[in-house]
Amino acid sequence: MYDVWKNALAEIEQQLSPANFSTWFQDTNLISNEDGNIIIGVKNTFYVKQLRNRYLDIITTALKNNDIDVKNIEFEVQTKVKSKVRPREITKNNLTNIGNHIKSIRKSTITPPQNGLNQKYTLDNFVVGSNNNLAVAAARNIIESPGDRYNPFFLYGGPGLGKTHLVQAIGNELLRRDPSLKVFYTPISHFYSDFIDAIQNGKGKEFNRKFQKLDCLIIDDFQFIVNKEKSQEEFFNIFNDLYQLNKQIIVTSDRLPSQIKTVDERLASRLTWAGAFDLQLPKFEDKCAILRAKAELEDKEIEPEAIEYIAENVNTNIRDLEGEFNTILLMSEVRGLTPLQLIENGSVSVNRTSKLRPATPKQIVEKVAKYYNLTTKEMCGKSRVAHIKTARQVAMYILRKETPLSTNKIASEVGVKDHSTVMHGISKIEKDLKLNFILRDQIEEIKEKIYG
Ligand code: ADP
Ligand code: MG
């Protein structure tokens, strides 16, 4: 019985966001099944209502898919299962623990579908903003015309910024349009272990053939490529074969191939032949748009001020943004207060910023100058020489992004006349960053030097 529920949960999980799954399905179990009359145990009455109203269909289907002839489903509060947390005392820490618990269950239960794709990732629920619009435009182009202009499609960016979501969405959409296509998604680490298994079982050729038949290969988290000559060579061969047949190749990574030490140079350069696209940290407006879209998709009520509060206070990534959003909504339902009321009465306080130690404006200016082999005086002087001017503008840009300084203050830090020069400088860099990968890498390196 336990296994049936475990399998059903694995299936349900495929259809929900991780946060929703962990919120609603943690601590559920199958108490009994008598001729299709199912009783599911839950923690308290609040969950009974939510599961019945919102997830009955999903649960029914998942059970049916596991060969249970469902006639009726009831939810029962299990008083015996001692819940560590009483609902009125739910804290963020508790929720995190619950999340981790679910993650560990999930690890042991998931049987991924054959093609590795998870249908919950779609383009419809991927919010387009200034942080990702170029990558999304390329993704749409690939969907219209796979194997064509953006091949290979190399997508990079920090954790939690939507890489997996976007590339899975491409795969799902390609299949939706043409179910006969062979699309395969795999994290690079699985690619390796499968390859090694195949070799050990004398099935190296079969492994290779399986990949050659694909129309679209999606490799996630390429940064974990290892320096095992043979497996890297195998990947390279498969890459070349597919490429020559004009099959679409999609690769994600947390950084550019040239910055991954273990990767063969030829492979690195080939991966970015068709350019490299990145996902950046969302700006305030992007974050608000993502939260509004989530509220709408999940049919949740949340005040615009509460959305702004969360957006303002989560500065790490979109995964954290979703996490805080779900926490507040859950607390709101449990406590019977609106999200804004919770924020205003101090019950929740969101603060997710990267754990970098703060740097002073002076340190930032010094590091930028040093990076470009200039003295602070040179960089912050009046010179109009191109590379000095660029360095000065980079300093303005980093000061703007990394400190709370006003543009007037930034002007005086970098020795320019007024705030309009600063605004011009910042927007120049922002514009250049869209296409100039070298500049983008430089800024990343400078930041590493500032905080490293
Ligand atoms: P990565 O693979 O870059 O670490 P994910 O693709 O796993 O990041 O994204 C983390 C979470 O944020 C996922 O739940 C994803 O659905 C969500 N997410 C990321 N970007 C967006 C977006 N633009 N719109 C909506 N949800 C997003
Ligand atoms: Mg990912």
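Since this is a predicted model, take the numbers as computed values, not measurements. For every chain, the first residue of the written sequence is number 1, and numbering continues from 1 onward in sequence order. For naming, the first written chain is A and the first written ligand is 1, with later ones following in the order written. The model is predicted, so local features are restricted to residues of pLDDT at least 70 and side-chain atom pairs to those at 80 or more, both for listing and for counting; the totals for chains, interfaces and linings are taken over all residues. With hydrogens and water set aside, each side-chain value is computed from the structure's full complement of heavy atoms.

It is worth spelling out empty space enclosed by the protein at this point. A pocket here means an open set of points on a 1 Å grid, computed over the protein atoms alone, that has protein on both sides within 12 Å along at least five of seven lines. A cavity is instead a set of points where a 1.4 Å probe fits but cannot get out; residues with an atom within 4 Å of a point line either one. Grid points are joined across faces, edges and corners, and a volume is the space filled by probe spheres set on the points. Per the counting criterion, the structure on display carries two cavities of 30 Å³ or more. Counted as a void, the largest cavity has a volume near 40 Å³. Per the convention used, a helix needs a DSSP run of H or I reaching at least four residues, while a strand needs a run of E reaching at least two, with both numbered from the N terminus. When residues of the lining of the largest cavity are traced back to their parent elements, those giving at least two are helix H2 (18-25) and helix H13 (318-335). Considering each element in turn, the lining of the largest cavity owes the most residues, four residues, to H13.

Let's shift gears to the sheet that holds strand E8 (residues 276-278). If DSSP finds at least two bridges between two strands, the strands pair. Across the sheet, five strands lie side by side as E5-E6-E7-E4-E8; this open sheet has parallel pairing. The open sheet has two edge strands, strand E5 (183-187) and E8, and neither has a second partner. Neighbour-to-neighbour, the strand axes of this sheet turn through a mean angle of 15 degrees, independent of strand direction. In the sheet, strand E6 (residues 216-220) pairs with strand E7 (residues 248-253) via four bridges, with the strands oriented parallel. Bridge assignment links Cys216 to a residue of E7, and that residue is Gln248. Whether two residues are in contact is decided by their heavy atoms: any pair within 4.5 Å suffices. Lines fitted to C-alpha atoms define the axes, with helix axes restricted to the stretch in contact, and inter-axis angles between N-to-C directions lie between 0 and 180 degrees. Here helix H6 (residues 163-177) sits on the sheet in contact with strand E4 (153-156), E5, E6 and E7, set at roughly 165 degrees to E5.

Where helix H19 (residues 419-435) contacts helix H20 (residues 437-451), the two axes come as close as 6 Å, and the packing angle between them is 115 degrees. As judged from the angle between their axes, H19 and H20 are roughly perpendicular. Across the interface between the two elements, Ile429, Asp432, Leu433, Lys434 and Leu435 from H19 touch Phe437, Leu439, Arg440 and Ile443 from H20. The class makeup of the residues in the contact of H19 with H20 is six nonpolar, no polar and three charged. The cut-offs work like this: below 35 degrees is roughly parallel, past 145 is roughly antiparallel, 65 to 115 is roughly perpendicular, and the gaps in between are oblique. Put simply, Ala, Val, Leu, Ile, Met, Phe, Trp, Tyr, Cys and Pro go in the nonpolar bin, Asp, Glu, Lys and Arg in the charged bin, and everything else, Gly too, in the polar bin.

Let us look at the sheet that holds strand E3 (residues 72-77). Across the sheet, which stays open at both edges, the three strands sit in the order E1-E2-E3 with mixed pairing between neighbours. Of all the strands in the sheet, the pair left with one neighbour each is strand E1 (29-34) and E3. Pairs of neighbouring strands in the sheet enclose a mean axial angle of 25 degrees, with direction left out of account. By the bridge criterion, five bridges tie E1 to strand E2 (residues 37-42) in an arrangement that is antiparallel. In the sheet register, Leu30 faces E2, and the bridge partner there is Ile40.

Looking now at the site of ligand 1. Around ligand 1, a shell composed of 16 residues is seen, among which Val127, Gly160, Thr164, His165 and Glu322 lie nearest. Two N or O atoms form a polar contact when they lie within 3.5 Å of each other; inside protein one atom must be a possible hydrogen donor and the other a possible acceptor, and for residues adjacent in sequence the pair counts only when both atoms belong to side chains. Asn132 places a side-chain nitrogen or oxygen 3.4 Å from a nitrogen atom of ligand 1. Separating an oxygen atom of ligand 1 from a side-chain N or O atom of Thr164 is a distance of 2.8 Å. Those elements that place two or more of their residues in the shell around ligand 1 are H6 and H13. Class assignment for the residues of the shell around ligand 1 results in six nonpolar, seven polar and three charged. Whether a residue is near a molecule or strand depends on its heavy atoms: if one lies within 4 Å, it is near.

Glancing now at the nonpolar core. Core analysis: the biggest nonpolar cluster contains 31 residues, and Val368, Tyr372, Met379, Val394, Ile398, Val414 and Ile443 have the highest contact counts within it. Contributing elements (two or more residues each) for this core: helix H15 (361-371), helix H17 (386-402), helix H18 (407-414), H19 and H20. Element by element, the count of residues in this core is highest for H17, at eight residues. In this structure, Met379 is in contact with Val365, Val368, Ala369, Leu374, Ile388, Ala391, Arg392 and Ala395, ignoring residues within four places of it in sequence. Here, the term nonpolar core denotes a set of buried Ala, Val, Leu, Ile, Met, Phe, Trp, Tyr and Cys residues that are joined through side-chain atoms within 4.5 Å. Remark: exposure states derive from per-residue accessible area (1.4 Å probe, protein chains only) relative to the maximum for the residue type, with buried under 20%, exposed over 50%, and partly exposed in between. Grouped together as the second largest cluster of nonpolar side chains are 29 residues, Phe207, Phe235, Leu271 and Ala276 included.

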